[in-house]
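The residues making up each chain are set out below.
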Amino acid sequence: MRLSAMEGEKVTSVRTFLERHGNLKVKGWAAKIERMIAAIVPAWLAQLALRLALAVPFWRSGLGKWDGFLELNDVAVLLFTSEFQLHLPGGPYPFPAPAATAFVVACAEVLLPVFLALGLATRLVALGLLAMTIVIQLTVPDGWPIHLTWAAMALGVITWGAGRLSLDHWLVRPVAPGK
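What you see is a predicted model; the values in this text were computed from it and never measured.

**Student:** For this particular structure, what's the right way to read the environment of Ala162?
**Tutor:** Mapped onto the elements of the fold, Ala162 is located in the loop between helix H7 (144-160) and helix H8 (167-172). Through-space distance from the C-alpha of Ala162 to that of Ala126 is 9.8 Å; in sequence the pair is 36 residues apart. With residues up to four places along the chain from it excluded, the contact list for Ala162 reads Gln47, Arg51, Gly119, Thr122 and Asp168.

**Student:** Please explain the packing of aromatic side chains as it appears in this structure.
**Tutor:** The description of an aromatic ring pair rests on the distance of the ring centres and on the angle between the ring planes. By the definition in use, this model includes four aromatic pairs. Judged by centre distance (5.0 Å) and plane angle (85°), the ring pair of Phe80 and Phe84 falls under edge-to-face. Overall, the relative accessible area of 5% leaves Phe80 in the buried class. Among the residues examined, Phe84 registers a relative accessible area of 25% and is labelled partly exposed. Where Phe80 meets Phe95, the ring centres are 5.3 Å apart and the plane angle is 70°; that geometry is what we call edge-to-face. Of this pair, Phe80 sits in helix H4 (residues 74-83) while Phe95 is found in the loop between strand S4 (93-94) and helix H5 (98-118), placing the two residues 15 residues apart along the sequence. Looking at Phe95, the relative accessible area reads 10%, which means it is buried.

**Student:** Sorry if this is basic, but what is going on with the pattern of salt bridges here?
**Tutor:** Applying the stated rule across the entire model yields one salt bridge. A salt bridge links Glu109 to Lys65, with the shortest nitrogen-to-oxygen separation between them at 2.8 Å. In this pair, Glu109 sits in helix H5 while Lys65 sits in the loop between helix H3 (43-63) and strand S1 (66-68), placing the two residues 44 residues apart along the sequence. Like Lys65, Glu109 is buried.

**Student:** Looking at this structure, how should I read a nonpolar patch on the surface?
**Tutor:** Together, Trp59, Leu63, Val114, Phe115, Leu118, Leu167, Leu171 and Val172 give the surface a local cluster of nonpolar side chains, amounting to about 710 Å² of exposed area. Contributions of two or more residues to the nonpolar patch are made by H3, H5 and H8. The topology assignment puts Val114 in helix H5. Residue class for Val114 comes out partly exposed when judged on its relative accessible area of 33%.

**Student:** Please clarify how the nonpolar core should be interpreted in this entry.
**Tutor:** Looking at soluble globular proteins, one finds that nonpolar side chains tend to be buried together. Judged by nonpolar contacts, the single largest core of 15 residues is most densely connected at Leu54, Phe58, Leu116, Leu129, Met132 and Trp150. When residues of this core are traced back to their parent elements, those giving at least two are H3, H5, helix H6 (122-139) and H7. Sequence-distant contacts of Phe58, defined by excluding residues within four places in its chain, comprise Glu109, Pro113, Leu129, Met132, Thr133, Ile136 and Trp150. Counting nine residues, the second largest nonpolar core, distinct from the first, contains Trp66, Ala76, Leu86 and Phe95.

What counts and how
Residues numbered from 1 in each chain as written. Predicted model: local features only at pLDDT ≥ 70, side-chain atom pairs only at ≥ 80, totals over all residues. Heavy atoms only, no water. Helix = DSSP H or I, 4+ residues; strand = E, 2+ residues; numbered from the N terminus. Contact = heavy atoms within 4.5 Å. Phe/Tyr/Trp six-rings, centres within 6.5 Å; stacked < 30°, edge-to-face > 60°. Buried < 20%, exposed > 50% of the residue type's maximum accessible area, 1.4 Å probe, protein only. Salt bridge = Lys/Arg side-chain N within 4 Å of Asp/Glu carboxyl O. Patch = residues over 30% accessible without salt bridge, like charges linked within 9 Å, V, L, I, M, F, W, Y side chains within 5 Å. Areas by Shrake-Rupley, 256 points an atom, 1.4 Å probe, with all protein chains shown as cover. Core = buried A, V, L, I, M, F, W, Y, C linked by side-chain atoms within 4.5 Å.

Rendered as structure tokens:
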């Protein structure tokens with residue numbers, strides 16, 4: 001049996017290929033394309049999109065748990081009391097203090113997305129949402145495709161921060177001397 005030309009070959013990035021072969025004309029052309037794409041989609045826009053995309057599902061879930069100001073609806077408490085369970089080895093196990101857990105989760109699902117959308121304490125908030133995503137995955141194991149997406153967005157926000165269009169950016173901006 002004969003291997004095709006692609007089998008067994010190492011995959012190389014375009015940048016590595018161009019560097020290896022020293023084609024300066026192509027390098028310049030590739031660099032121009034890369035700069036054009038970066039200008040069309042600036043990093044701050046991607047960071048804003050990640051923050052908003054991660055905030056929306058948690059915000060919507062949080063709003064659905066309230067009947068009024070600091071008044072949880074019966075369904076939220078019922079879910080944590082009888083439906084939701086942690087699927088850990090040897091389990092599933094019920095949530096500890098289900099009414100208190102429901103209250104804390106509902107508060108977090110409303111507050112953390114607001115902070116995330118505003119870009120305030122962004123990395124810490126994204127870490128909190130990542131932790132919530134892990135607990136949600138342990139509660140609803142079949143939801144892993146969407147949970148993986150949430151985790152990837154949270155990791156992106158944790159890694160790259162809030163970006164220029166955020167309160168974090170404006171609060172930590174260096175002030176020019178004499179102002």
